[in-house]
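Close look at the chain arrangement
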Amino acid sequence: MSKLWSGRFSEDTDAFVEEFTQSVSFDRELAYEDIEQDIAHVKTLFKAGVISEEEKEKLIKGLLDLKKDIEEGKVEWKSRLEDVHMNLEALLTERLGDVGGKLHTGRSRNDQITTDERLYLKKQLRGILSLLKQLRITLLDLAQKHIDVLLPSYTHLQRAQPIRLAHYFLAFREMFLKDSERFADAYRRIDELTLGSGAVAGVDFPLDRFFTASELGFNRVSRNSMYATADRDFIAEFLFCCACTGMHLSRLSEDLILWASEEFGYIELPDKLCTGSSIMPQKKNPDVLELIRGKTGRLYGNLIALMTTVKALPMSYNRDLQEDKEPLFDSVRTLKGSLSGMIKVLKGLRPKSEVMERNAGNFVLITDVANFLVDKGVPFRRAHEIAGRIVAYLIDRSRRLEDMSLEEFKMFSEDFDESVLELLNPQVVADRRKTFGGTSKERLLEAIEAAKLEEGV
Ligand code: ARG
């Protein structure tokens, strides 16, 4: 079969060039989207009076048969036909004869490829948004279940102030909610029909692009044919959303990896989600989390790869843009895998509340001891210094704050009274943080209710 563009060429393409320039080995991932747009395009051509009713029916039937053959794995992709578009067109022509050659009227692969990509992204975005929702609900369930578990929060990875475990899980739910909002916002810009832009300047057949858009379920029609064929901002935006979600997933992974270590001992991961070592019999490794953290590198890389490819291209389409697909497919696969992995891990983890709670005491409570003095009228700086001296005194004696008697407190300041002893309890201290967005049980119960409402659960 000769190439679809063979007309002006007098010799065969070099074998290396054929292999180097082909994209069908990866862009066949867009085969169904390509057929979907082919059918809409055929209908638009008929509406414009470019093809007859009979030709329309023949083409649509041919395309549907082709789709079935792809589903059944009966189609052989040929790299000498370069890409998914030309493979499909050639297959169609092989089956239907001359009428197959009418399919590409009023269209270029330049507007065809972005249409496929936008259809593909809309579908993938729906899947990703649903995984993100599952992840948020899993975090919300954990928050509800562990509302009474206390642990220290950390800043600089040093114990800071007591929090409720629910607060921690809701913090990540918040991040994944922001990620979901970003994806949903990107969806609005992706949801635009670019077909009908031609190679660069528009199309000289009277195609009703608004009809095509409604056939394909696009909400808008692109307003400039050069923008539509030259830019890949919509893919870059999607890749950024993936990278940002990856950043959040990686951070959560990092904490959980630390928490599963013997040093922290805050959580137990289910055996079935861990792997062993080929040499050290005692090991139970959190590989799923490590790989989620590790794969975030690809998500960043894919974004940078695409933006670098696009940044210095002369207007408008250049073949460089073919390089947009592998990063895109890789980010979709990677992110879906990481989200599914994180959901599994979260569903299986078991917090060890005794260990967490013990670490939430002692000096983690000292900010509130200082604030006790502030309540009594001591300037904060002075109160901070007194509390610091108490810490030094206890470290010297290898004792915990909870072991301090009222008499000892009074050695440091006459402003202490017996109610300071009530503060020597992580739960009490956490529940004093009642500002909106704080970790008190009161605020967290409200936050959980609000989140349930948002998720519709
Ligand atoms: N495979 C090409 C790509 O992904 C399709 C568009 C080709 N257009 C062209 N003028 N060669 O970008």
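Residues numbered from 1 in each chain as written. Predicted model: local features only at pLDDT ≥ 70, side-chain atom pairs only at ≥ 80, totals over all residues. Heavy atoms only, no water.

Some points on the overall build of the protein chain
- Check the secondary structure of the protein chain and you find 18 helices and 6 strands.
- Relative to its length of 457 residues, the protein chain is extended, with a C-alpha radius of gyration of 31 Å against a globular reference of 23 Å.
- Seen through its principal axes, the protein chain has C-alpha atoms that stretch 100 × 50 × 40 Å.
- Of all 457 residues assigned to the protein chain, the portion counted as buried reaches 51%.
- Considering only contacts within the protein chain whose residues lie at least 6 apart along the sequence, 75% involve residues at least 24 apart.
- Total accessible area computed for the protein chain in this model is approximately 22300 Å², and 53% of it derives from carbon and sulfur atoms.
- Seen as two clouds, the 66 positive and the 76 negative side-chain charges of the protein chain have centres 2 Å apart. (Helix = DSSP H or I, 4+ residues; strand = E, 2+ residues; numbered from the N terminus. Rg over C-alpha atoms; globule rule 2.2 N^0.38 Å. Buried < 20%, exposed > 50% of the residue type's maximum accessible area, 1.4 Å probe, protein only. Contact = heavy atoms within 4.5 Å. Areas by Shrake-Rupley, 256 points an atom, 1.4 Å probe, with all protein chains shown as cover. Lys, Arg positive; Asp, Glu negative; His and termini not counted. Charge placed at Lys NZ, Arg CZ, Asp CG, Glu CD.)

Here's the deal with the side chain of Asp34
- In this structure, Asp34 sits in helix H3 (residues 31-47).
- At 2.9 Å, the side chain of Asp34 forms a polar contact with the side chain of His85.
- If we ignore the near neighbours within four places in the chain, the residues touching Asp34 are Val84, His85, Leu88, Gln112 and Asp116. (Polar contact = N/O pair within 3.5 Å; in protein donor to acceptor, adjacent residues only side chain to side chain.)

Comments concerning the nonpolar core
- In terms of nonpolar packing, the biggest core is built from 69 residues, with Leu135, Phe183, Phe238, Leu256, Trp259, Met342 and Leu346 touching the most fellow members.
- Listing elements by their share of this core, those giving two or more residues are helix H6 (109-145), helix H7 (165-190), helix H10 (233-260), helix H11 (287-311), helix H12 (325-348) and helix H18 (441-455).
- Discounting residues that sit within four places of it in the chain, Phe183 has contacts with Leu125, Ile128, Leu129, Leu132, Phe238, Cys241, Cys242, Thr245 and Leu335.
- In terms of nonpolar packing, the next biggest core, distinct from the first, is built from 24 residues, Ile386, Leu401, Phe409 and Leu423 among them. (Core = buried A, V, L, I, M, F, W, Y, C linked by side-chain atoms within 4.5 Å.)

Describing the site of the ligand
- Around the ligand sit Ser23, Asp83, His85, Arg109, Asn110, Ile113, Tyr317, Gln322 and Lys325, and those are all the residues in its vicinity.
- Within the side chain of Gln322, a nitrogen or oxygen atom sits 2.9 Å from a nitrogen atom of the ligand.
- For the ligand, whose unbound accessible area comes to 340 Å², protein coverage reaches 87%.
- Ranked by the residues each element gives to the shell around the ligand, the list is headed by H6, at 3 residues.
- In terms of residue class, the shell around the ligand is built from 2 nonpolar, 4 polar and 3 charged. (Near = heavy atom within 4 Å. Nonpolar A, V, L, I, M, F, W, Y, C, P; charged D, E, K, R; others polar.)

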